[in-house]
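# Observations on chain architecture
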Amino acid sequence: MTPRIYYPNTFSLNQEIRLDLKVSRHLLKSLRLKPGAFIQVFDGKGNEWTGEIKKIQRSQAIIKLNKQIDTQTESPLFIHLVYSIARFEKTDWVIQKATELGVNKITPIISEHGEVHLKEEKAIEKKLSRWQSIAVSACEQSGRAKLPDIERPIHFNNWINQPLSGLNLIFHVKDGKHLSLRAQKAPSQTINLLVGPEGGFSQREVELAKQKKFELVSLGPRTLRTETAAIIAVGLIQNLWGDMAFKG
Ligand code: SAM
């Protein structure tokens, strides 16, 4: 398989690029590529090229972009996963899988029954750059040329009070009547989906979401862990209305 690398620049056909030391080290030392080898380069905005390693100068690879590729790995939907942070390792996992599944935007939220309190500004910055690099690796691996936006963590109350458009869904275990995803009208494009923490959404949060016209949706009779719920919700949405539909 041709190695794919994320390189966030503006490119043009036949352009020669001197890759930075970190990327060059990955290609030349880890993957042991030599001049003449082909790679794919994507810019994170949906553009992708085939490039050839022309030469190596001072441990840096010089590549030439010889063909633009029409990468078609984006869903027709715009899926925004709003995920209550529980433990950070789980958030890492959710970001990786959600990126593979074609999510366009991920907003980590801090909700009443969540266990995480983000006080340290620096800690947030650190997490954000880690989440960004997890998304980059997931794009490299899954063939996506467009990176999902990963927003700064925000409190539930602040997030829910923003103007929202599209189909708004809140996944919730309790609270009487729930619709299944199938009962929803097919969305035109944007879907905002809210998934709660291990402790679930508080009644107050559910009421706020209802006021904002969120539909309560069920994922069946079993209580799933937060990360399972997030990933299966995205998978079901892609299957029902997106690009994972079985067209037999
Ligand atoms: N005791 C919590 C409650 O009753 O809400 C359980 C929360 S569950 C571990 C974590 C989150 O995953 C929930 O807030 C919800 O967003 C989602 N979830 C898990 N199972 C679900 C189901 N069967 N239907 C809808 N959402 C579910």
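I will try to describe carefully the structure that is included in this document. (Residues numbered from 1 in each chain as written. Predicted model: local features only at pLDDT ≥ 70, side-chain atom pairs only at ≥ 80, totals over all residues. Heavy atoms only, no water.)

## A short note on helix α1 (residues 21-30)
Put simply, the rule reads: Buried residues are those whose accessible area, probed at 1.4 Å on protein chains only, stays under 20% of the maximum for their type, while exposed residues exceed 50% and partly exposed ones sit between those limits. A run of H or I in DSSP becomes a helix once it reaches four residues, and a run of E becomes a strand once it reaches two; helices and strands are each numbered from the N terminus. It is the directions from the helix axis to the C-beta atoms whose arc is reported. Residues are treated as being in contact if the distance between any of their heavy atoms lies within 4.5 Å. Pairing of N or O atoms within 3.5 Å defines a polar contact, subject to two protein rules: one partner must be a possible hydrogen donor and the other a possible acceptor, and residues neighboring in sequence count only if both atoms are side-chain atoms.
For α1, the full list of buried residues reads Val-23, Ser-24, Leu-27 and Leu-28. All buried residues of α1 fall inside an arc of 110° around its axis, so they share one side. Turned more than 90 degrees from where α1 packs its buried face, Lys-22, Lys-29 and Ser-30 sit exposed. Buried positions along α1 lie against β1 (4-6), β3 (38-42), β4 (48-57) and β5 (60-69). By the N-cap criterion, in which a side-chain oxygen at the helix start approaches the backbone nitrogen of a residue two or three places on, α1 is capped by Asp-20, the distance to Lys-22 being 3.3 Å. Just past α1, the residue Arg-32 takes up positive phi, approximately 55°.

## With respect to the packing of aromatic side chains
Put simply, the rule reads: Stacked, tilted and edge-to-face are the three classes assigned to paired rings of Phe, Tyr and Trp, where Trp is represented by its six-membered ring and a pair needs centres within 6.5 Å; plane angles under 30 degrees give stacked, over 60 edge-to-face, the rest tilted.
Inspection of every chain in the model, using the stated rule, returns five aromatic pairs. Seen in terms of ring centroids, Tyr-7 and Phe-11 are 6.4 Å apart; in terms of plane orientation they differ by 20°. Their pairing is stacked. Here Tyr-7 falls in the buried class, since its relative accessible area comes to 9%. Judged by its relative accessible area of 9%, Phe-11 is buried. Aromatic side chains Phe-11 and Trp-49 sit 5.2 Å apart centroid to centroid with 80° between the ring planes, which places their arrangement in the edge-to-face category. A residue pair is termed long-range when its members are at least 10 positions apart, and Phe-11 in the loop between β1 and β2 (16-18) and Trp-49 in strand β4 qualify at 38 residues. For the pair Phe-11 and Trp-49, a shared accessibility class is recorded, and that class is buried. One aromatic cluster is present, formed by Tyr-7, Phe-11 and Trp-49 through successive ring pairs.

What is shown is where atoms sit, not what they do.
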